[in-house]
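# Structural overview for review
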Amino acid sequence: MAEPVTYLEAIRQGLWEEMEADPRVFMLGQDIGTYGGAFRVTAGFLDRFGPERVIDTPISESAMVGAAIGAGMMGLRPVVEMQFIDFIACAFNQIVNFAATCRYRWGQAVPIVIRGPSGGNVRGSAFHSQNPEGYFQRAPGLKIVAPATAADAKGLIKAAIRDPNPVLFFEHKYLYRRIKEELPAGDGVVPIGQARLARAGRDLSVVTWGAMVHVALEAAGRLEAEGIELEVLDLRTLKPLDEEAFLASARKTNRVLVLTEEPLTGSVGGEVAARIAEKAFDWLDAPVARLGGPDTPVPYSPTLEDAWLPNVDKLVARVRELLSH
Amino acid sequence: MAEPVTYLEAIRQGLWEEMEADPRVFMLGQDIGTYGGAFRVTAGFLDRFGPERVIDTPISESAMVGAAIGAGMMGLRPVVEMQFIDFIACAFNQIVNFAATCRYRWGQAVPIVIRGPSGGNVRGSAFHSQNPEGYFQRAPGLKIVAPATAADAKGLIKAAIRDPNPVLFFEHKYLYRRIKEELPAGDGVVPIGQARLARAGRDLSVVTWGAMVHVALEAAGRLEAEGIELEVLDLRTLKPLDEEAFLASARKTNRVLVLTEEPLTGSVGGEVAARIAEKAFDWLDAPVARLGGPDTPVPYSPTLEDAWLPNVDKLVARVRELLSH
Amino acid sequence: MAKTSRGLGPLHPQVAPAAADRLARTSLAREQQLELYRYLQLTRMTEARLGNLYRQGKVVGGLYSSRGQEAVSVGSAYALAPQDVIGPIIRNLGAMLVRGVQPREVMMQYMARADSPTGGKDANTHFGDLSRGLVAPISMLGALIPVMAGVALAGRMLGKDLVAMTWIGDGGTSTGDFHEGLNLAAVLNVPFVLIAENNGYAYSTPTERQMRIKNIAVRAAGYGIPGEVVDGNDVLAVYEVTKRAVDRARAGGGPTLVEAKTFRMKGHAEHDDAGYVPPELFEQWRQRDPIDRFHRHLLAEGLASEELAAVTAEIDKVLDAEVDRALASPFPPPERALEGVYEEGPPAEAEAGGVGAP
Amino acid sequence: MAKTSRGLGPLHPQVAPAAADRLARTSLAREQQLELYRYLQLTRMTEARLGNLYRQGKVVGGLYSSRGQEAVSVGSAYALAPQDVIGPIIRNLGAMLVRGVQPREVMMQYMARADSPTGGKDANTHFGDLSRGLVAPISMLGALIPVMAGVALAGRMLGKDLVAMTWIGDGGTSTGDFHEGLNLAAVLNVPFVLIAENNGYAYSTPTERQMRIKNIAVRAAGYGIPGEVVDGNDVLAVYEVTKRAVDRARAGGGPTLVEAKTFRMKGHAEHDDAGYVPPELFEQWRQRDPIDRFHRHLLAEGLASEELAAVTAEIDKVLDAEVDRALASPFPPPERALEGVYEEGPPAEAEAGGVGAP
Ligand SMILES: Cc1ncc(C[n+]2csc(CCOP(=O)(O)OP(=O)(O)O)c2C)c(N)n1
Ligand SMILES: Cc1ncc(C[n+]2csc(CCOP(=O)(O)OP(=O)(O)O)c2C)c(N)n1
Ligand SMILES: [Mg+2]
Ligand SMILES: [Mg+2]
C-alpha cells in the first residue's frame, strides 16, 4: 500500500496508466493540455503524451463527442473531458442518438468515454452543479458510471476506457479533494455493472451513489449509536444497473431508501425504486422511499443550496419514518 | 356536436383557434409554411396568418428553440414544431438549461410550446419513432403533455399555448389519422396537470398515456369478457404528474401496471411506478408492474418493431400475472 | 472564392450551364470515364428499381432519391483511394456504389429484410461497415460531420494515410454540427473533405430561406480552409475538384469545403410531389441532366453509342438478379429486436496498433 | 472585410496600435465622452471592489473580470437606445452598468445575498429584467445568441423598433449556437448585433487553437451580413462601429457581426494566474489600456485632469455606499430554494398587444 491519494488523483492515475498501457487511448477536451484541465485532472499529460494524444479543442461539445465517436469507430479509445459535466447537454444528440445506437443499428462498437466534474455542494449554481444521470438513463446503448471512492474512481475509469461501449463517467467534484484513500496495489480495475456494499446492516438499505454514499455512511454512523443498522449500497454503475445487488439488499433488510443528489422527479432514483418495488415486493415491510433534491435547478446561495441538498439530517429523519412504518 | 375529426385535425384546430384568438401566438418550424408541415398539421396557416406568424426556419433546432425563448420572454407565445420529435435532441441544451430555468433563476417566464410527432408503430426506425419524455422528465421547470384522444389533443394544445411555462407537447403520430372523435363544442381547453379516467374498473389500474391508452383500452375490452375489470388512467400530462389521480386509482384497485411505449429503463414509467410504490404502499396487493419497450433503439423491420412494441397480448399476459399475485 | 450577397433575392441556381455543354477537362482515361458512366447509370437504375419496389408496396418506410444529383455522389467518391472512409447520407447512393456497396444491400435495407446489412434494424442507406470504409449516418443532419472529422483524426493518428469524406445538404449546413465539426476539422488540420450538395431545396424550403448567401462555399473562409464551387451536374468537374481536395487533405493540407450546385429532380421523398417547386426549374435542370450530359460528352469523345448501351444493358441484367436476391430475403426473426445493444467483447483493434504507428 | 489566413501561425493580436495612440473620430459630444469615461471607470472600479470582496472571502463562487476589455462593453452598449435589449455574458459588466444596472446588484449577486436581483438563486452577472431590457445568459456559451435573435424577432413583430445585442468570446464562437443563431438572425433579417469579443484566450486556449482564421469577422460573409473588425481598446471606435451596426439593424438592414480585438488582462477567473499567457503579451496590451488611452485622449481634447479625477472620486464615493448596501443584505431564507420554478399566473402581456401592432 502506498500513500493515500485523493479521488481526483485516483482518476488522474487511472487515466495516466491507461494512456501508458494502451497507445490507442487519447484525450479531447477544453484546456486539458497546457492548463491540465480546469480541475487539473490531466496536469502533466501533455508533456508526457504529446499534443496528438492530449488535444485541446475549441468550445464545441457536440463536435468533441462526434470526433470521439469517429475515432472510436476507427479503433482508438478517445476520452472526452467536459469542463463541467453540465455542458454535456450541448452534446446530447451525439451521445444518445449517435454514440449509443451504432452498435444496435449496424453492429459498430463505439468505445468512448465522456467524463467530467458533476455534482453540487461547491456553490456552483445551476450550471456547474448538475448530476445529469437522469437525462441519460433512458438512452439504450449507454453505460453510466459514478464512483464514490478513490479506489472506485481509479478502477472504474480504467474499466470505462477498456469498455467497448460509450461510457459516461460522472466524477463528483465535491469529492475531488475531500476524500483520500490508499489505493489497492496493481491494476485495480473495477468492473462496470457491479454495485459495492459500502456498509452491511440489517435494518434498512440505503441505495445510493456518488457523494451521497458519504452522506449515507455518516447517517449510518449516527444511527448506529441508537442501535439502528443501516446497510449502504453504493451502485457505482447506474447503467446497466446491478439489479441483483439492490434486490438482494432489499430482500435482506426489507426496507429500502433510494438516495440521490438529483432533483427527485425523473431521477435515476425513480428507476431503482421502481425495480425494487416491482421485483422485491414480497419482501418489503415498508414502502421504497426516495430522497433527493427538490424539483428545481440548483441554487447558488449557501443557505439555499444547503436547504436544497439531501443531507444527513434529512436522511436520518426519513430513515426513522420508514423504520416506524 | 360536429363531425368527428382526427387527432391531427384536432391539433390543427387547436392551433388555429389560438392563432385566431391571440395575436401573440406565432409559429416557427421547418416546412410549416408553404408546405404546411411534414404531416400537414399547419396546412393553410401561412395563407391565413402570413409569413411573420408562420415562419419557415433553417434546419436549426437549437436556434428555433432559442429564438422562441427570446420571443416568449418578450411577451409573444411561440409554438415551435419539430419535424419529428426525435430532432428535439438537437435542442436539448436550450430546452433544459435555458427555457426551463429562467423562471427559477431570475423570475422570467418563458411561455413557449415545442410540439411534434412522436412515437412508433409507423416503421420509422430509430430516429423517427422516439418517445422522448424520459429524457425531459428530470428537467425542473418544464411541463410535458402527451394526449391520447382528439379532444385532449385539441384541449391540451390550447392549454399549452396559454400556459406561461415551457411546454413540450408530444403528439403521437400513430394516432394522427387513426382515431376520430366528435369534439366538445366551445373552447374545449383541457387543463395541464390532470389525468383522465379513460375507463373505470375495479380489478387493476393501467396507468399510461399516448398511443398506449388505446392498447390498454383494447386489453380491457378483451379481459372484460372474462369478468376482469381494468381501470385505465390516461395521464395526459407527464410533468407535473397528476399524482393524486394515480394514487387514488391505486388505492381503489390495489393493483397497478404502468404502461409506456418508451424503452423501459429510465422511462417516465419509472417515476410513476416509484411514486405509487412509495405513496400507496399500504394499499397494494401486488407489486407495481411496468411494461414498456425493450432497452434498445426502435428497430425498422415490421417483424422487429412488432416484437419491440408493447401490445395488447403482452399487456393481457402481464395483467393475468399480476392478478394471480 | 465566390462573392457574398447581402440581399435576399432569388439565390439559386448560381452555376450557368457551361457553354455548349462542355464538361470540365479531366485527366481521367477512357476506361475510367466509362466506369464513371457505369456508376452514374447504376445509381439511377438502382433507384428506378427501388421506385418499382416502392410502388409494389415492398419498401417499408420512405424512399429517397438522388435523381439529378448522381454526378455529385459518383464524381466525389471516385476521387478517393481504397483506404479512405466515407460517411454517406440519404442521397449518396452513388457514392456507396462507387465504394463497392451492392444494389441488393440497399434494396434489402429499404425492404427491411433479414439479410440487409443491418439485419432489418435500420432503413435505407443507413448502414455502415468500417471494413469497407463506410460509416452510417444518423438521421439528425450535420451529426456526421464531426464524426467524420474524428475518423480523419484517427486516420492520421494511426498513420493510415486516409481521407475522410462526407456530404451535407444545403439544409443541413444550418445545423450547429456543421459549424462545430468543420471548425474542429480545420483547427486540427485533419484530412477531411466535406461536399455540400446544394440542390436548391431542403424538403420544401428553398435555399434562400435557409441561408442569406448565394454560395455555401464562402463559409470555408470562416474556417480558414479552401472552399470551391463546382457544377454538380458535371461529373468530371466534381471529380476534378474533389480530387484536388482529397490530394491536399492527404498531403497534410487539411479540410476543404466543396459546394456542388445541383438540383433535386424529385420530391423530398417518394410521397412528396414537390408541388412547391416551380415547374420551369425542373425543366431547366432537366436540360442539364448529369447523365445525359456525360453521355453526350462520351459520344463526343468518340465512344460508340453501342458501347454505352451495353453498359446499361449489363446493369439491367445485374439489377434483375439483385432484385431477385433482395426479394428472396425474409423478414428478420422477431427476437433479433432485442439483440446487440452493447458490444460484448473488446471492439476490433486498431489495425496499425496505436497512435503514432507508421 | 478582413482577409482570411490559411496558415496556422500566431494569429493574435491583429490590430496594430493606432498611430500616436490616436483614437477613432467620433460624433460624440464632450458630455457624452465624459459619460463614457465614467462608465469605463465605473466598470473597472466596481470590479476592483469585487476583487476586494473576493479576497475578503465574501464572494461565494468564482469571480470574473473584464479588466482591459472595458471599452468593448461600454462602447457597444452606449450605442443603444432605451428600448433596446441586451443579453450580456460574464465579462460584460460595463454594458450592464451603461444600461443602468447598479454596482450593488452585481456585488450582491456575487455574494449570493437575499436582495440580489435573483434573490441569491443565481450568481455574478447572471440576472435579467426585461423591464430594463436585460436578458440573463446561461453558462453554456453561445446559447444566448439564438435567444437574442428571438428577442430581435419579437421586437420587430411587436413594432417596438428595438435592436437586440449580445456578446460572445472568441471561444464561444466555436459553439453550434453561434452558427445556428447568427444564420437564423440573418435569414430572418432581424435587428440584431453580435459583438465578438476576441480577447486572445478562451480560458487557457489561445485563439489560434480555437479557429484557423485571424479575424472572426470574416464569418459574417458566411451569413451574408456585414462584419467589422474594430480596435476593442478604443472606446470611441467600438462606439462608432457599433452605432453603425445598430442604426442599420434599426433601419431594417439586419444583423451585423462586430469583432472587437482586445485582451483579457487577468486570468480566466480570479483563481487563475494565467501562467500560460506570455508576460510580454500582458506588457504590450497594458500599453494599450483602454482607459489610459481614453484618458489621454480626453486630456488632448482639452479636458482638465481635475475634471477626470473628480469622476473617479465621485465613483469611489458611490462604490463605498454600494459595498455597504450590498454587505448589509443577508443571505436568503432557506425556503426560497423551493420557490418559483413555475410561473403561476399568465406572464406579462406583450405591451404593444400583439404581432403587427405599430
Ligand atoms: C437535425 C434535423 N432536423 C430535421 C430533419 C428532418 N429533415 C430530414 S431531410 C430534411 C431536409 C434536408 O435538406 P437538405 O439538407 O438540403 O438535403 P436534401 O434533402 O436536399 O438532400 C429535413 C428537414 C433532420 N433529418 N435532421
Ligand atoms: C458550452 C460551454 N462549454 C464550456 C464552457 C466552460 N467555459 C466557460 S468560459 C470558457 C472560456 C470562454 O472563452 P471565450 O468565449 O473566449 O470568453 P472569455 O472568457 O475569453 O471572455 C469556457 C470553456 C461553457 N461555459 N460553455
Ligand atoms: Mg437540399
Ligand atoms: Mg476569449
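The structure this text deals with has already been given above.
Here goes a summary of the coordinates provided. (Residues numbered from 1 in each chain as written. Chains lettered and ligands numbered in written order. Predicted model: local features only at pLDDT ≥ 70, side-chain atom pairs only at ≥ 80, totals over all residues. Heavy atoms only, no water.)

## What to know about the site of ligand 1
Close contacts around ligand 1 come from 19 residues, with Glu61 of chain B together with Arg91, Gly172, Asn199 and Tyr201 of chain C the closest. Surrounding ligand 1 is a set of residues that belongs to chains B and C. Here Gln83 of chain B contributes a side-chain N or O atom positioned 3.4 Å from a nitrogen atom of ligand 1. Separating a nitrogen atom of ligand 1 from a backbone N or O atom of Leu141 of chain C is a distance of 3.1 Å. Summarising the interface, the protein chains cover 92% of the accessible area of ligand 1, which totals 580 Å² for the free molecule. Residue composition of the shell around ligand 1, grouped by class: eight nonpolar, eight polar and three charged. (Near = heavy atom within 4 Å. Polar contact = N/O pair within 3.5 Å; in protein donor to acceptor, adjacent residues only side chain to side chain. Areas by Shrake-Rupley, 256 points an atom, 1.4 Å probe, with all protein chains shown as cover. Nonpolar A, V, L, I, M, F, W, Y, C, P; charged D, E, K, R; others polar.)

## Re the packing of aromatic side chains
Residue and element names in this part refer to chain A. Taken as a whole and assessed by the stated rule, the structure comprises 37 aromatic pairs over all chains. Ring geometry for Trp16 versus Phe45: centroids 5.0 Å apart, planes at 90 degrees, classification edge-to-face. Taken as a pair, Trp16 in helix H1 (residues 7–21) and Phe45 in helix H2 (residues 45–49) lie far apart in primary sequence, 29 residues in all. Its relative accessible area of 22% is what places Trp16 among the partly exposed residues. (Phe/Tyr/Trp six-rings, centres within 6.5 Å; stacked < 30°, edge-to-face > 60°. Helix = DSSP H or I, 4+ residues; strand = E, 2+ residues; numbered from the N terminus. Buried < 20%, exposed > 50% of the residue type's maximum accessible area, 1.4 Å probe, protein only.)

## Thoughts on helix H7 (residues 150–162) of chain A
Residues and elements named next belong to chain A. Over its 13 residues, H7 runs 18 Å from end to end, which matches the ideal 18 Å to within 8%, given 1.5 Å per residue. H7 sits mainly inside the fold: twelve of its 13 residues count as buried. Residues of H7 that are buried: Ala150, Ala151, Asp152, Ala153, Lys154, Gly155, Leu156, Ile157, Lys158, Ala159, Ala160 and Ile161. (Expected span 1.5 Å × (residues − 1).)

## Regarding the interface of chain B and chain A
Residue-level contacts link 50 residues of chain B with 50 residues of chain A. At the junction of chain B with chain A, the criterion picks out four salt bridges. Within the residue set of the side of chain B that touches chain A, elements represented by two or more residues are helix H4 (92–99), helix H5 (102–106), helix H6 (133–136), strand E13 (256–263), helix H10 (268–279) and strand E14 (289–293) of chain B. Top contributing element to the side of chain B that touches chain A by residue count: H10 of chain B, with seven residues. Tallied by class, the residues present in the side of chain B that touches chain A amount to 24 nonpolar, 13 polar and 13 charged. (Contact = heavy atoms within 4.5 Å. Salt bridge = Lys/Arg side-chain N within 4 Å of Asp/Glu carboxyl O.)

## Remarks on the relation of the copies chain B and chain A
Overlay of chain B on chain A (RMSD 0.0 Å): rotation 180 degrees, translation along the axis 0.0 Å. On this basis, the relationship between the two copies can be described by a two-fold rotation axis. The overlap is high: 100% of the interface residues of chain B also sit at the interface in chain A, so the same surface is used on both sides. (Least-squares fit on C-alpha atoms with pLDDT ≥ 70 in both.)

## Thoughts on the coordination of the magnesium ion (ligand 3)
Where a metal carries four tetrahedral donors, each ideal angle is 109.5 degrees; where it carries six octahedral donors, the ideal angles are 90 or 180 degrees. Residues and elements named next belong to chain C. Listed as protein donors to the magnesium ion (ligand 3) are Asp170 (OD), Asn199 (OD1) and Tyr201 (O); their distances from the metal cover 2.0 to 2.2 Å. Along the chain, the residues donating to the magnesium ion (ligand 3) are arranged with the sequence spacing D-x28-N-x1-Y. Residue Asp170 is found in the loop between strand E2 (164–169) and helix H6 (176–188), and its partner Asn199 is found in the loop between strand E3 (192–198) and strand E4 (201–202); the two are separated by 29 residues along the sequence. Both residues of the pair, Asp170 and Asn199, belong to the buried class. (Donors = N, O, S within 2.8 Å, 3.2 Å for Na, K, Ca; no water.)

## Describing the side chain of Gln130 of chain B
Mapping Gln130 of chain B onto the fold places it in the loop between strand E5 (113–118) and H6. Look at Gln130 of chain B and you get buried, because its relative accessible area is 9%. Separated by 3.0 Å, the side chains of Gln130 of chain B and Asn97 of chain A make a polar contact. Sequence-distant contacts of Gln130 of chain B, defined by excluding residues within four places in its chain, comprise Asn97 of chain A together with Ile85, Asp86, Ser118, Gly119 and Tyr135 of chain B.

## Describing unusual backbone geometry
Residue Pro240 of chain A is bonded to the preceding Lys239 of chain A through a cis peptide linkage, with omega at -5 degrees. Inspection of the secondary structure puts Pro240 of chain A in the loop between strand E12 (237–239) and helix H9 (243–253). For Ala112 of chain C, which is not glycine, the phi torsion reads 60 degrees and is therefore positive. As for its placement among the helices and strands, Ala112 of chain C is situated in the loop between helix H4 (103–111) and helix H5 (144–157). If you check the backbone angles, Tyr203 of chain D has positive phi at about 50 degrees while not being a glycine. Mapped onto the secondary structure, Tyr203 of chain D falls in the loop between strand E4 (201–202) and strand E5 (205–206).

## Here we look at the packing of helix H1 (residues 30–55) of chain C against H4 of chain C
Packed helices, taken two at a time, are described by the angle their axes make and the gap between the axes. All names here are of chain C. Where H1 contacts H4, the two axes come as close as 11 Å, and the packing angle between them is 30 degrees. Taken as axis vectors, H1 and H4 run roughly parallel relative to one another. Here H1 runs over H4; the crossing is right-handed. Side by side, H1 and H4 meet where Leu42, Thr46, Arg49, Leu50 and Leu53 of the first sit next to Pro103, Val106, Met107, Tyr110 and Met111 of the second. Tallied by class, residues from the contact of H1 with H4 come to eight nonpolar, one polar and one charged. (Axes fitted to C-alpha atoms, helices over the stretch in contact; angles between N-to-C directions. Parallel < 35°, antiparallel > 145°, perpendicular 65-115°, else oblique. Left-handed = near helix turned anticlockwise from the far one by under 90°.)

## A word on the site of ligand 2
In the vicinity of ligand 2, 19 residues are found, and the nearest of them are Glu61 of chain A together with Arg91, Gly172, Asn199 and Tyr201 of chain D. Residues within reach of ligand 2 are spread across chains A and D. Measuring from a nitrogen atom of ligand 2, one finds a side-chain N or O atom of Gln83 of chain A at 3.4 Å. Isolated, ligand 2 exposes 580 Å² of accessible area, and the fraction of that covered by the protein chains is 92%. Residues belonging to the shell around ligand 2 are distributed by class as follows: eight nonpolar, eight polar and three charged.

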